[in-house]
Amino acid sequence: MCVLRGYYLLYTPHVAKADLWKISGHLDFYKENMYHQMKIKEELYQLRPMNCPYHILVYKRKLHSYWDFPIRVAELGTVYRYELSGSLHGLFRVRGFTQDDAHIFCLDDQIKDEIRGVLDLTEEILLQFGFGKYEVNLSTRPEKAVGGDDIWEKTTFALKDALDDKGWSYQVDEGGGAFYGPKIDLKIEDALGRKWQCSTIQVDFNLLQRFDITYVDSNSKKKRPIMIHRAVLGSLERFFGVLIEHYAGDFPLWLCPIQARVLPVTDTQVDSMNRPGILLEVVQILTDLDLTITKAYISSDGGGWFMDGSRTQGLHQRWLEELARKECERLQRAQR
Ligand SMILES: [Zn+2]
């Protein structure tokens, strides 16, 4: 989906020399969340708490011109944060997790379209998982901030404009933005109406300066582009936690770890049930029955597709009957 939307997919290292985290400011302002450094051949290395600096280095590998933009880079990036042991909580808070992270570098007049693109992508992905209700927050400039008034104003307006264009209602959290830029946060609502922080889109004026990110404009002058951080699902581990809560473990078929399991009713079926290709036959039966897979629920407790007696018993029963009928036909044919 990211490739379709013009992102370059990256895979960057999990450790970097400590210098990188000095430049990014993480060693000065984020150290308590970071693991201890490792010394390798007299050099200090650091497990990464964020992916951003790597994506910036990828940007900086060459000189950019105004016609290069927008540049979108994405990564399923695993990061490591030293959370206090008391704050760890199942899949919701772990010390190593993978973000569906991306950074967009663009020009001032491209911000709105880029944000709009991220909103569309976010909706497309979240709908796949059954999340259609969102609480959206736009956070504006706090008292202490980097970047001039005009760029804050221009960017915040572009974020509002994109949200209005999308037609989403949102609340404005005046002064609630990060010191480095305005942001949009999105909470999803699960089956029980509980809200979970999920997607985030943040403009960043700080890292641009720290890494001295520039491009050459149409007058051959060096300028700073705009940088946007964005994550749709956020931490994948946490998102899976939310999914388990949302579906109460009863996942849609396409998401279920065990999608189908064939169980013999009596000992006499054991041989035929163990033969190769039986699962393919089950899939064929499901297809013949014209069951829309996203609507077909299945027990995820390992009980299998016809063992669960809960809300979709009727469906499971139909599959079982169909399988039994086909199996009888097959045995009859074999006996002839
Ligand atoms: Zn980032």
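Given the structure is predicted, the values throughout are model-derived calculations rather than measurements.

1. A look at the pairing of strand β7 (residues 134–139)
One face of the sheet, then the other: side chains in a regular strand alternate in exactly this way. Alignment of β7 against strand β9 (residues 183–189), held across 6 bridges, turns out to be antiparallel. Pairing of serine 139 across the sheet is with lysine 183, part of β9. Each parallel crossover has a hand, and for β7 linked through helix α5 (residues 149–166) to strand β8 (residues 171–173) it is right-handed.

2. With respect to the environment of leucine 44
As for its position among the elements, leucine 44 is in strand β4 (residues 43–47). Expressed as a C-alpha distance, the spacing of leucine 44 and alanine 16, which sit 28 residues apart in the sequence, is 8.6 Å. Residue contacts for leucine 44: discarding those within four places in its chain leaves Lys17, Ala18, Gln37 and Lys39.

3. Brief notes about the sheet that holds β4
Strand order across the open sheet formed by 3 strands is β2-β4-β3, with antiparallel pairing between neighbours. The outermost strands of the open sheet, each flanked by one partner alone, are β2 (15–17) and β3 (38–40). Direction aside, the axes of adjacent strands within the sheet are offset by 40 degrees on average. Bridging between β2 and β4 involves 3 bridges; their strand directions are antiparallel. In the sheet register, alanine 16 faces β4, and the bridge partner there is glutamine 46.

4. What about the confidence of the model for the protein?
Per-residue pLDDT for the protein has a mean of 85; in total, 81% of the residues score no lower than 70. In the model of the protein, helix α10 (residues 313–335) stands out as the element of lowest mean pLDDT, 64, in contrast to strand β11 (residues 215–216), which has the highest, 97. Here residues 290–314 is a poorly scored stretch, pLDDT under 50, and it has 41 contacts once near neighbours within four places are set aside; other chains count.

5. What to know about the sheet that holds β7
Pairing is mixed in the open sheet, where 8 strands are placed in the order β1-β5-β6-β13-β10-β9-β7-β8. What marks the edges here is a single partner per strand, and that holds for β1 (7–9) and β8. Direction aside, neighbouring strands of the sheet carry axes that sit 25 degrees apart on average. In the packing of helix α4 (residues 111–128) onto the sheet, contacts are made with β6 (96–106), β9, β10 (195–204) and β13 (226–235), and the angle to β13 comes to roughly 5 degrees. Contacting β6, β10 and β13, helix α7 (residues 236–247) crosses the sheet at an angle of about 40 degrees to β13.

6. Regarding the nonpolar core
Counting residues in each nonpolar core, the largest one holds 40 residues, and the members touching the most others are Ile115 and Leu159. If you tally residues by element for this core, the top one is β13, at 6 residues. For isoleucine 115, the contacting residues outside a window of four places in its chain are Ala158, Leu159, Ala162 and Ile201.

7. Description of the pairing of β9
Where β9 meets β10, 6 bridges bridge the pair, whose relative direction is antiparallel. Its bridge partner being in β10, isoleucine 188 is matched across the sheet by tryptophan 196. With antiparallel pairing between neighbouring strands as the criterion, β9 and β10 make up a hairpin whose turn holds 5 residues, including glycine 193 at a positive phi of roughly 80 degrees.

8. Describing the packing of α4 against α5
Put simply, α4 and α5 touch, their axes get as near as 8 Å, and they point 45 degrees apart. Relative to α5, the element α4 lies oblique. In this structure, α4 crosses over α5, and the sense of that crossing is right-handed. Together, Ile111, Lys112, Ile115, Arg116 and Leu119 of α4 and Thr155, Ala158, Leu159, Asp161, Ala162, Asp165 and Lys166 of α5 make up the contact between the two elements. Here the residues of the contact of α4 with α5 sort into 6 nonpolar, 1 polar and 5 charged.

9. Regarding α5
Since the α-helix packs 3.6 residues into each turn, any two residues three or four apart lie on the same face. End to end, α5 covers 26 Å across 18 residues, agreeing with the expected 26 Å (1.5 Å per residue, within 8%). For α5, every residue scored as buried is listed here: Thr155, Thr156, Ala158, Leu159, Ala162 and Leu163. When α5 is viewed along its axis, its buried side chains cluster within an angular range of 150 degrees and face the same direction. Projecting away from the buried face of α5 at angles above 90 degrees are the exposed residues Asp149 and Asp150. Considering only its buried residues, α5 is in contact with α4, β7, β9, β10 and β13. Backbone geometry just after α5 places glycine 167 at a positive phi near 85 degrees.

Reading guide: rules and limits
- Residues numbered from 1 in each chain as written.
- Predicted model: local features only at pLDDT ≥ 70, side-chain atom pairs only at ≥ 80, totals over all residues.
- Pairing = 2+ DSSP bridges.
- Helix = DSSP H or I, 4+ residues; strand = E, 2+ residues; numbered from the N terminus.
- Right-handed = clockwise from strand over helix to strand, strands pointing away.
- Contact = placed C-beta atoms within 7 Å.
- Axes fitted to C-alpha atoms, helices over the stretch in contact; angles between N-to-C directions.
- pLDDT = per-residue confidence, 0-100.
- Core = buried A, V, L, I, M, F, W, Y, C linked by C-beta atoms within 7 Å.
- Buried ≥ 20, exposed ≤ 12 C-beta atoms within 10 Å, placed from the backbone.
- Parallel < 35°, antiparallel > 145°, perpendicular 65-115°, else oblique.
- Left-handed = near helix turned anticlockwise from the far one by under 90°.
- Nonpolar A, V, L, I, M, F, W, Y, C, P; charged D, E, K, R; others polar.
- Expected span 1.5 Å × (residues − 1).
- Arc of directions from axis to C-beta.

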